[in-house]
Amino acid sequence: MKLDTLIGEPWADYGLVDSGHGKKLERYGRFRFIRPEPQAMWAPAADDWQAHGEFVPGSDEDGGGRWEFREPVPREGWPLHWNEVAFTALTTPFRHLGFFPDMAPVWSWMRERTAGMAAPDCMNLFGYTGVGTLAMAASGAKMVHVDASKKSVEAAKANAKLSGMTDAPVRWIVDDAAKFVGREVRRGRRYDGILLDPPKYGRGPEGEVWRLEEDLPKLIANCRQLLDAESRFLFLTVYAVRMSALAIGEMLRQLFADLPGTVEAGELGVREEARGLVLPTAIWARWSR
């Protein structure tokens, strides 16, 4: 299977300014932040990084740590834009800033796959704060947005309001993604496209436990049942470093063998502004026609 790289280019409200020595310097609107980045194994372009804040990791490799601020930053967040979509960026306790900028080329790719369709039915599983959902809704898709966190879904609704998309055709669902997809299969539903961005580990609203390596194959198999020969795409991203793009690509190839179309896999990356090098961030696999 041929591997490819999807590269996120800088845009007005986001850019990877520099990277190296296990860290990255990014701009989020008018603010700059330093965050840990184990894959930045090289030396940075500059040694004198100026930032409003830095996330300092704890001894816990699963995401512990704290923000240290050098200049004032609005704790309630500040607005950013990607094309027609407005959303709030803020410094979260989980080291990220309320959205994943490396997903921008995925949003564009999904919109290309459904271009020319009249109100395609699409679903965003583990949809978080809804930037991908709103990117699709802004292009005319009818969306189902699913996340187990009520707080995340409320943030997604707030981003819809900020974007002037309160009346967009989006169903906001607080539910365990695997359980919801299973019910959709039993209901005989179909979709034109599905986006999945599952965590390595998580819990559903009723205490359901999600473990990526154990639960992903069954979830993808159920998603396959929601797609048919007229559907356009399934896009899966994985941030767990112990998985391979070849592995998840082969899983999709087998599960989608009976549908026309193409299965591809590769890496996500973000282009650094200082030198143009690409910082890898995740792996992906996709089916499309």
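Everything discussed here concerns the structure shown above.
Residues numbered from 1 in each chain as written. Predicted model: local features only at pLDDT ≥ 70, side-chain atom pairs only at ≥ 80, totals over all residues. Heavy atoms only, no water.

## A look at the side chain of Lys24
Note that Lys24 resides in strand E3 (residues 23-28). For Lys24, a relative accessible area of 10% translates into the label buried. Of note is the side chain of Lys24, whose polar atom sits 3.2 Å from the side chain of Glu37. Those residues in contact with Lys24 that sit more than four places away from it in its chain are Leu16, Asp18, Ser19, Phe33, Ile34, Arg35, Pro36, Glu37, Trp49 and Leu279. (Helix = DSSP H or I, 4+ residues; strand = E, 2+ residues; numbered from the N terminus. Buried < 20%, exposed > 50% of the residue type's maximum accessible area, 1.4 Å probe, protein only. Polar contact = N/O pair within 3.5 Å; in protein donor to acceptor, adjacent residues only side chain to side chain. Contact = heavy atoms within 4.5 Å.)

## Some details on the sheet that holds strand E9 (residues 121-125)
Sheet strands associate in pairs through backbone hydrogen bonding, adopting either a parallel or an antiparallel arrangement. The mixed open sheet is built from 8 strands, whose spatial order is E1-E16-E17-E15-E12-E9-E10-E11. Single-partner strands in this sheet number two, and they are strand E1 (3-8) and strand E11 (170-174). Taking each pair of neighbouring strands and ignoring which way they run, the sheet shows an average axis angle of 20 degrees. Sheet topology note: the E9/strand E12 (residues 193-196) ladder contains 4 bridges and is parallel. When the bridges of E12 are listed, Asn124 appears paired with Leu195. Each of E9, E12 and strand E15 (233-238) is contacted by helix H5 (residues 212-225), which is oriented at about 175 degrees to E15, the strand it contacts most. (Pairing = 2+ DSSP bridges. Axes fitted to C-alpha atoms, helices over the stretch in contact; angles between N-to-C directions.)

## Quick notes on the sheet that holds strand E2 (residues 14-20)
Spatial ordering of the open sheet is given by E2-E3-E4-E5-E6, a layout of 5 strands whose pairing is mixed. At either end of the open sheet lies a strand with only one pairing partner, and these are E2 and strand E6 (65-69). On average, adjacent strands in this sheet sit at an angle of 20 degrees to one another, irrespective of strand direction. Examined bridge by bridge, strand E4 (residues 31-36) and strand E5 (residues 53-57) share 2 bridges and lie parallel to one another. Bridging from a neighbouring strand, Phe33 pairs with Gly53 of E5.

## A closer look at the environment of Glu9
Its place among the elements puts Glu9 in the loop between E1 and E2. Sequence separation between Glu9 and Asp102 is 93 residues; the distance between their C-alpha atoms is 8.6 Å. Within the local environment of Glu9, its side chain forms a polar contact with the side chain of Arg271, the two groups lying 2.8 Å apart.

## Notes on helix H1 (residues 104-113)
Burial analysis of H1 places 7 of its 10 residues in the buried class, which makes it a mostly covered element. Listed in full, the buried residues belonging to H1 are Ala104, Pro105, Val106, Trp107, Trp109, Met110 and Arg111.

## Focus on helix H2 (residues 131-138)
Summarising burial for H2: 7 of the 8 residues are buried, a large majority. Looking one or two places after H2, you find Gly140, whose phi comes out positive at around 105 degrees.

## Points about the packing of aromatic side chains
The tally for this structure, following the rule as stated, stands at 19 aromatic pairs. Pairing Phe33 with Trp67 gives two aromatic rings, centres 5.6 Å apart and planes at 75 degrees, and the pair type is edge-to-face. Of this pair, Phe33 sits in strand E4 while Trp67 sits in strand E6, and the two are 34 residues apart along the sequence. For Trp67, a relative accessible area of 14% puts it in the buried group. Where Phe55 meets Trp67, the ring centres are 5.4 Å apart and the plane angle is 80 degrees; that geometry is what we call edge-to-face. (Phe/Tyr/Trp six-rings, centres within 6.5 Å; stacked < 30°, edge-to-face > 60°.)

## Some thoughts on the nonpolar core
Core analysis: the biggest nonpolar cluster contains 45 residues, and Tyr28, Phe33, Trp78, Phe99, Val106, Trp107 and Met110 have the highest contact counts within it. The next biggest cluster of nonpolar side chains, apart from the first, holds 36 residues, and it includes Phe126, Ala177, Ala240 and Ile283. (Core = buried A, V, L, I, M, F, W, Y, C linked by side-chain atoms within 4.5 Å.)

## So, a nonpolar patch on the surface
Together, Met1, Leu3 and Leu246 make up an exposed nonpolar region whose accessible area comes to about 270 Å². Along the chain, Leu246 falls in helix H6 (residues 245-255). You can call Leu246 partly exposed: its relative accessible area is 44%. (Patch = residues over 30% accessible without salt bridge, like charges linked within 9 Å, V, L, I, M, F, W, Y side chains within 5 Å. Areas by Shrake-Rupley, 256 points an atom, 1.4 Å probe, with all protein chains shown as cover. Salt bridge = Lys/Arg side-chain N within 4 Å of Asp/Glu carboxyl O.)

## Description of unusual backbone geometry
We note that Phe126 has phi near 55 degrees; this positive angle belongs to a residue other than glycine. Residue position: Phe126 is located in the loop between E9 and H2. Since its relative accessible area comes to 16%, Phe126 is described here as buried. A positive phi angle is found at Tyr128, which is not glycine, with a value near 55 degrees. Locating Tyr128 in the fold gives a position in the loop between E9 and H2.

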